[in-house]
Amino acid sequence: MKKVKIITMIVLIILITMVSFLGVYTQVQNRMENQVKEYALDMDLAGARYVRLSVNRESTDVIKDANGNEVETEEEMTDEQLAEKGYTKESVPNNSEEVLTVENYEKSKKIIGERLEAQGVGEYEISVDNETGDILIQIPENKITDKFVSNMNTVGKFEIIDADTKEVLMDNNDIKKVNVMYGSASTTATGTTVYLDIEFNKQGTEKLENISNTYVESTDTTNTTSEDTNTTTENTTNTETDNTTTDNTTNDTTSTETEDTAKEITLKIDDEEIMTSSFDEPIENGRLQLSMGSAATDVETLQDNISQASSIASVLDSGKLPIQYDVNTNEYILSDITNTHIVYLALAVGIVLLIGLIIFIVRYRVNGLLSAIAFIGLISIYLLVIRYTNVSVSIQGIVGIIVTIILNYIFINKILSTIKKSEDSKKLENVKEGIKESYKEFFIKLVPICISVIAFCFASWTTISSFGMVMFWGIALIALYNYLITATMLKVKAEK
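Quantities reported herein were computed from a predicted structural model and do not represent experimental measurements.

**Quick notes on the sheet that holds strand 12 (residues 192-200)**
- The strand order 11-12-17 describes an open sheet built from three strands, whose pairing is antiparallel. Strands with a single pairing partner mark the edges of an open sheet, and in this sheet they are strand 11 (175-183) and strand 17 (287-296). Averaged over neighbouring strand pairs, the angle between their axes works out to 15 degrees when direction is ignored.
- Summarising the sheet, strand 11 and strand 12 pair through eight bridges and their orientation is antiparallel. For N179, the partnering residue across the bridge sits in strand 12 and is D197.

Below, the structure is given as structure tokens:
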């Protein structure tokens, strides 16, 4: 019976090892694809997207009236047409010399970093040249990198203006926080609508309440009354016996005409009109909700709407860039560490480990063989755990994997050595006592390392957090896996 238990566990370890190292392939269309998740590699292993933002040095033509107010025109006007209307055209720099300061360069860098974090880019590097104002960003290369790049240089200028006079009623200074919400528009509606929920600060709440009271739909009633008219028509027919007269009278008539009028506001982001509307009722809670796209009934459309809303939310929430930037460089650069280097390292570690496992077998015989097999199973599960917990593997993470393997080797050797030193290494009670003693001694010494590892997990520097997460799962597996698998195999082998 104990042979069956051991054989079953060995077969299970072999299957897990095959899945971890070889993968599981299924046919997708005309090709075979590995269904086992790939490793999430850090930028120092997978390469990165390098983006350089340069200060915009261009100018924009602005048309002003005789009073110096900016005028918006739908079509381009000639100089003669401008002069005829009393307008003048000025060339205004997109970035005045006053805003090109070191303080604004640093502020722009901070805002862009906040936007990346808000959009879920946990790993990035950002630096600024305080002489030119150029900002260099490195972010991981994946399927949504282009979306991040397209939003990096968005100024994030938020305005609510009077649709007629163009007076700015609210701006970025009135925003407290921007959230993304979604739900059904009504109980009878189909699909899910995504909303951009703009929460205003105290000053903005007061402004919004005043605006929503002023820019509200109203109804004008016009009464039209016709003059009293009496129209008499005499139709006389002379006959020998009959004279007939007919009077037709039109009475007073009053008609009522109803006309809806409304003062409207226009919401703009980066001078692009998002919507023009009026308010149905006053808003007193200081929150403005804007629907993003139409109600979605499929997951893909819903995800697109959420992604669009999240991008806008991250831009508005982080504040307006004080400087307008252009994307000057946008290129993907491979890591200096190639797959060949990683394969060579894996082979070197594998050879050293194989020698160590052979030493187990020579020194501890059957117990050493069972422990060696269990050791391989631990590595296989460890690599799968790293993949499916989305741990970003960096160079430091690889070091963490190697350290974990070394710690597990020391721990297994401690168990086997303790059992061998007992009076009867084949006695079940001695095996249990040896395992218990080894656990207690090993993990008490490991407490300082465990504390450091947990601290590393919460580090803001991704390479350090990668090491911490890899070590965290490694130590957890050393404790749990060896208790469930290695110790069980040794106990089963010692049973009579």
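Let us keep going from here.
**Side note on the environment of E273**
- Inspection of the secondary structure assignment puts E273 in strand 16 (residues 272-277).
- Distance from E273 to I160, taken between C-alpha atoms, is 9.8 Å for residues 113 residues apart in sequence.
- Ignoring any residue separated from it by four or fewer positions in sequence, one finds E273 in contact with T266, L267 and K268.
- A polar atom in the side chain of E273 sits 2.8 Å from the side chain of T276.

**Describing empty space enclosed by the protein**
- This structure, assessed with the given rule, holds one cavity of 30 Å³ or more.
- Within this model, the largest cavity holds a volume of roughly 40 Å³.
- Lining the largest cavity, in full, are I112, R115, L116, Q119, F148, N151 and M152.
- Looking at the lining of the largest cavity, the elements with two or more residues in it are helix 4 (102-118) and helix 5 (145-152).
- Among the residues making up the lining of the largest cavity, the classes are represented as four nonpolar, two polar and one charged.

**Description of helix 6 (residues 202-214)**
- Here helix 6 is 13 residues long and its end C-alpha atoms lie 19 Å apart, about the 18 Å a rise of 1.5 Å per residue gives.
- Those residues of helix 6 that fall on the buried side of the exposure criterion are G204, T205, L208, I211 and S212. All buried residues of helix 6 lie within an arc of 130 degrees about the axis, which places them on one face of the element. Facing away from the buried side of helix 6 by over 90 degrees, the exposed positions are K202 and N210.
- On the buried face of helix 6, the contacting elements are strand 10 (168-171), strand 12, strand 15 (265-269) and strand 17.

**Concerning the pattern of salt bridges**
- Counting across every chain of the model gives 13 salt bridges.
- Across the pair R287 and D197 runs a salt bridge, and its minimum N-O distance is 2.4 Å. Note that R287 is positioned in strand 17 and D197 in strand 12, a separation of 90 residues in sequence.
- Put simply, K176, D197, E199 and R287 are held in one network by salt bridges that share partners.

**Notes on the sheet that holds strand 18 (residues 325-333)**
- Spatially, four strands are ordered 7-8-4-18 in an open sheet, and the strand pairing comes out antiparallel. The strands lining the two open edges of the sheet, one partner per strand, are strand 7 (125-128) and strand 18. Strand after strand, the sheet turns through a mean of 15 degrees between neighbouring axes, direction not considered.
- The pairing of strand 7 with strand 8 (residues 135-140) spans four bridges and is antiparallel. Looking at the pairing, V128 lines up with I135 of strand 8.

**Remarks on helix 10 (residues 428-445)**
- Over its 18 residues, helix 10 extends 26 Å from the first C-alpha to the last, a length consistent with the 26 Å expected when each residue adds 1.5 Å.
- Considering only its buried residues, helix 10 is in contact with helix 9 (395-421), helix 11 (447-457) and helix 12 (462-494).

**Concerning the nonpolar core**
- In terms of nonpolar packing, the biggest core is built from 49 residues, with F375, F443 and M489 touching the most fellow members.
- Broken down by secondary-structure element, the contributors of at least two residues to this core are helix 1 (2-22), helix 8 (339-388), helix 9, helix 10, helix 11 and helix 12.
- Sequence-distant contacts of F375, defined by excluding residues within four places in its chain, comprise L353, L357, F360, I405, N408, Y409 and I412.
- Core analysis: the second largest hydrophobic core is formed by 27 residues, I160, I198, I211 and L290 among them.

**Description of the packing of helix 4 against helix 7 (residues 299-318)**
- Helix 7 packs onto helix 4 with a crossing angle of 145 degrees between their chain directions and a minimal axis gap of 9 Å. In this structure, the crossing between helix 4 and helix 7 has a hand that is right-handed. Touching I111, E114, R115 and A118 of helix 4 are S314, V315 and S318, all from helix 7.
- Looking at the contact of helix 4 with helix 7, its residues break down into three nonpolar, two polar and two charged.

**What to know about the side chain of T17**
- Tracing the backbone shows T17 in helix 1.
- Not counting the four nearest positions on each side in its chain, T17 is found in contact with L22, I376, G377 and S380.

What counts and what doesn't
Residues numbered from 1 in each chain as written. Predicted model: local features only at pLDDT ≥ 70, side-chain atom pairs only at ≥ 80, totals over all residues. Heavy atoms only, no water. Pairing = 2+ DSSP bridges. Helix = DSSP H or I, 4+ residues; strand = E, 2+ residues; numbered from the N terminus. Axes fitted to C-alpha atoms, helices over the stretch in contact; angles between N-to-C directions. Contact = heavy atoms within 4.5 Å. Polar contact = N/O pair within 3.5 Å; in protein donor to acceptor, adjacent residues only side chain to side chain. 1 Å grid on protein atoms, 1.4 Å probe; cavity = no way out; pocket = protein on both sides within 12 Å on 5 of 7 lines; lining within 4 Å. Points joined across faces, edges and corners; volume = space filled by probe spheres on them. Nonpolar A, V, L, I, M, F, W, Y, C, P; charged D, E, K, R; others polar. Expected span 1.5 Å × (residues − 1). Buried < 20%, exposed > 50% of the residue type's maximum accessible area, 1.4 Å probe, protein only. Arc of directions from axis to C-beta. Salt bridge = Lys/Arg side-chain N within 4 Å of Asp/Glu carboxyl O. Core = buried A, V, L, I, M, F, W, Y, C linked by side-chain atoms within 4.5 Å. Left-handed = near helix turned anticlockwise from the far one by under 90°.

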